[in-house]
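Spelled out from the first residue to the last, the chains are:
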Amino acid sequence: MRPGLNAILGPTGSGKSSFLDVLAARKDPAGLSGEVLINGALQPPNFKCLSGYVVQDDIVMGTLTVRENLCFSAALRLSSQISPREKEARVNHLISELALNKVADAKVGTQLIRGISGGERKRTSIGMELIIDPSVLFLDEPTTGLDASTAYSVLLLLKRSFKDLTCQVSKDMNVLQKYNILNTNISYLNGVFSNDIVGYACEAHNNPADFFLDIINGSSAAICNLKCQQMPITHLASNFEFEVAAVSQQSIEDQLVEKYKNCSYARSLKAELERITRAKDNNIKAKCHTITYTSSFFHQLRWVLWRTFWNLMLNPQTSVAQLAVTTLMAAIVGAIFYGVKDDQSGIQNRFGVLFFITTNQCFSTLSAAELFITERKLFIHEYTSGYYRVSVYFLSKILSDIITQRTVPTILFTCVVYFMIGLKPTVAAFFIFMLTVILVSCAAVSMTMAISADQSVVAVANIFMTISFIFMMIFSGLLVNLKSIMDWLSWLKYLSIPRYGLEALEINEFVGLKFCGNVSAVMSSPAADILMCTGEQHLTFQGIDYSSWGLWHNHIALTLMTLIFLIIAYIKLRFIPKFS
């Protein structure tokens, strides 16, 4: 492929995207043979970070404006030696070149936010790659989903017309060389189809690219045009089916490949390839593909954190709705258990509401399943292109979710529920309660991330998480007395997040409470054996260590579970780009 604009044409399923990924060094080289040379030399290991790649589906953050997306790309992909003023100037120049001035400060758009048009979105995606001024720019089906006018404007951005053309015939990448590739210009292809292979002439007003695809794909329409013109009208009806069936796609491909091999263009191209091969240093072996970064870890973290927080704030589905649902749920729970009393019913009500709070915190984290799944394509593309490290993306997601989606709603929930129910009225008990609920939420959301990190479908991840939380809920301590469980099953309680949270909340609430008024008088009554007059009695019956160590032991267990699940999630996320 010579300098200029080259196009890979082929029917659906012929391997165009796979071939493009191989050229762009974005495919795992395992199982592939041959070499990709650039100016006669092997690709540098970080070639995918030096070149631009526009994927087929526009991967742009929809809640940000066109300018903000371009600034994000410039901040992370341009050298740190370039000043912010120069980066801003390059962004402004690119906006002008892409004719995006009118929509520069408009949001790209999401399913809930009205945004820019499809052509403007495509030009924004191209601008995200052009910001680094790459020597090579790959575009995977840049006109897919666009109308004729918009597609024309996008192509004008790249070049006024195609100069070089690559027609891919084979559907199997392993036999690509066997069936060959027609790599030449349009004028030469017109000669091949019209002169060398008699009858396949492109009409004056027909699109050459569409015509070539019809021929190599064995389209009956293109063949019929030829036969209908040559055949007498009287024989047209009787011989139509026979003539069309007689020309198979394979025979057309064989003819094209044979004519191509014997033409002067192919011979000159083969000679040039042999010259390049001889000039290449065979002692230099291809190195594994690596990703290099132009900015430091903390610079990346600052920009990715900014975008993640800003995306959450501008997305009403994850910001306003979350707070509204949390407030409504807190009000309902507070109304049901309002003004809990210090009697026997108070034991049941306290136990029940603490169980509900811990269980609710677990199931409310199911929304975190979308955290990595919805941005999976965006993450793979940006990481592969050298925007940021995996650790930066992971840490940004964790911090943004824990702060905005877990900590803030939990604080709001605690402030409403705690005082409406009338739990232990001490400052220490209130903050321990809040800390425990936050730890439960963090442990549950980390498990959700660990399960969903390598999933591509939200529904599948939700099934796994729901089953896990149900089993944890059974071993939390309310539905079954943990002391009565058989030994060979009792170990499962150590895997239960709600159990640690419920035990900590019970210790915090029940220690020091009395539920029988004059305890000495009640203890001497006949009903003393069936009454629980102190919180300590209830905790002992549940088999809970209500010492200070018992409380902090549960907090430590929740913290360790959070760390373990986060490590698992990170490991899974680390390997996603390698298998995608």
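Scoring rules and cut-offs
Residues numbered from 1 in each chain as written. Predicted model: local features only at pLDDT ≥ 70, side-chain atom pairs only at ≥ 80, totals over all residues. Heavy atoms only, no water. Helix = DSSP H or I, 4+ residues; strand = E, 2+ residues; numbered from the N terminus. Polar contact = N/O pair within 3.5 Å; in protein donor to acceptor, adjacent residues only side chain to side chain. Contact = heavy atoms within 4.5 Å. UniProt positions renumbered as here; feature names shortened; annotations may be inferred. Salt bridge = Lys/Arg side-chain N within 4 Å of Asp/Glu carboxyl O. Buried < 20%, exposed > 50% of the residue type's maximum accessible area, 1.4 Å probe, protein only. Core = buried A, V, L, I, M, F, W, Y, C linked by side-chain atoms within 4.5 Å. Patch = residues over 30% accessible without salt bridge, like charges linked within 9 Å, V, L, I, M, F, W, Y side chains within 5 Å. Areas by Shrake-Rupley, 256 points an atom, 1.4 Å probe, with all protein chains shown as cover.

A.B. asks: I'd like a description of the side chain of Gln405, backed by residues and values.
C.D. replies: Residue position: Gln405 is located in helix α19 (residues 390-421). Polar contacts involving the side chain of Gln405 include one to the side chain of Thr404, which spans 3.5 Å. Not counting chain neighbours up to four residues away, the residues in contact with Gln405 comprise Leu312, Thr318, Gln322 and Ser400.

A.B. asks: Describe the UniProt feature "transmembrane region" (unreviewed entry) in the protein chain, naming the residues involved and giving the relevant values.
C.D. replies: As annotated in UniProt, the feature "transmembrane region" (unreviewed entry) corresponds to residues 320-340, 403-421, 427-445, 457-480 and 551-571 in the numbering used here. This span, residues 320-340, is 81% helix and 0% strand, and a straight line between its end C-alpha atoms measures 31 Å. Note that residues 403-421 is 100% helix and 0% strand, and that its end C-alpha atoms are spaced 26 Å apart.

A.B. asks: Account for the pattern of salt bridges, with residues named and values stated.
C.D. replies: With the rule as written, the count across this model stands at 11 salt bridges. Linking Lys377 and Asp57 is a salt bridge whose minimum nitrogen-to-oxygen distance equals 3.4 Å. On the criterion of sequence distance, the pair formed by Lys377 in helix α18 (residues 376-384) and Asp57 in the loop between β4 (52-54) and α3 (66-77) is long-range, its members being 320 residues apart. Classification of Asp57 by relative accessible area gives partly exposed; the value is 44%. Arg350 is the partner of Asp342 in a salt bridge, and the nearest nitrogen-oxygen pair spans 2.8 Å. Classification of Asp342 as partly exposed rests on a relative accessible area of 47%.

A.B. asks: Just give me the short version of the nonpolar core, but keep the residues and values in it.
C.D. replies: Across soluble globular proteins, nonpolar side chains have a tendency to be buried as a group. Ranked by size, the top nonpolar core spans 98 residues in total, and within it Phe372, Phe379, Tyr388, Phe433, Met449, Ile497 and Leu573 carry the most contacts. Sorting elements by how many residues they give to this core places helix α20 (residues 427-452) first, with 17 residues. Discounting chain neighbours no more than four positions away, the residues touching Leu573 are Phe372, Phe379, Val390, Tyr393 and Phe394. Leu20, Tyr53, Ile59 and Met61 belong to the second-largest nonpolar core, a separate cluster that totals 14 residues.

A.B. asks: An account of a nonpolar patch on the surface is requested, with residue identities and associated values reported.
C.D. replies: On the surface, a cluster of nonpolar side chains totalling about 850 Å² of accessible area is made up of Val457, Val460, Ile463, Phe464, Ile467, Ile470, Phe471, Ile474, Leu478 and Leu479. Relative to the elements of secondary structure, Ile470 occurs in helix α21 (residues 458-474).

A.B. asks: Can you tell me about unusual backbone geometry, naming the residues and giving the values?
C.D. replies: One non-glycine residue, Ala99, lies in the positive phi region at around 60 degrees. Mapped onto the elements, Ala99 comes out in the loop between α4 (84-97) and α5 (118-130). Unlike most non-glycine residues, Asp133 shows phi in positive territory, near 50 degrees. Within the element layout of this structure, Asp133 appears in the loop between α5 and β5 (137-139).

A.B. asks: Tell me about the environment of Ser117, residues and numbers included.
C.D. replies: Residue placement: Ser117 occurs in the loop between α4 and α5. Taking the C-alpha atoms as reference points, Ser117 and Thr150, separated by 33 residues in sequence, lie 9.4 Å from one another.

A.B. asks: Hey, could you go over the side chain of Lys122 for me, with residue numbers and the actual values?
C.D. replies: Within the secondary structure, Lys122 sits in helix α5. The class for Lys122 is buried, based on a relative accessible area of 1%. Other than its neighbours up to four places away in sequence, Lys122 contacts Val55, Gln56, Asp58, Glu141, Pro142, Leu146 and Val154.

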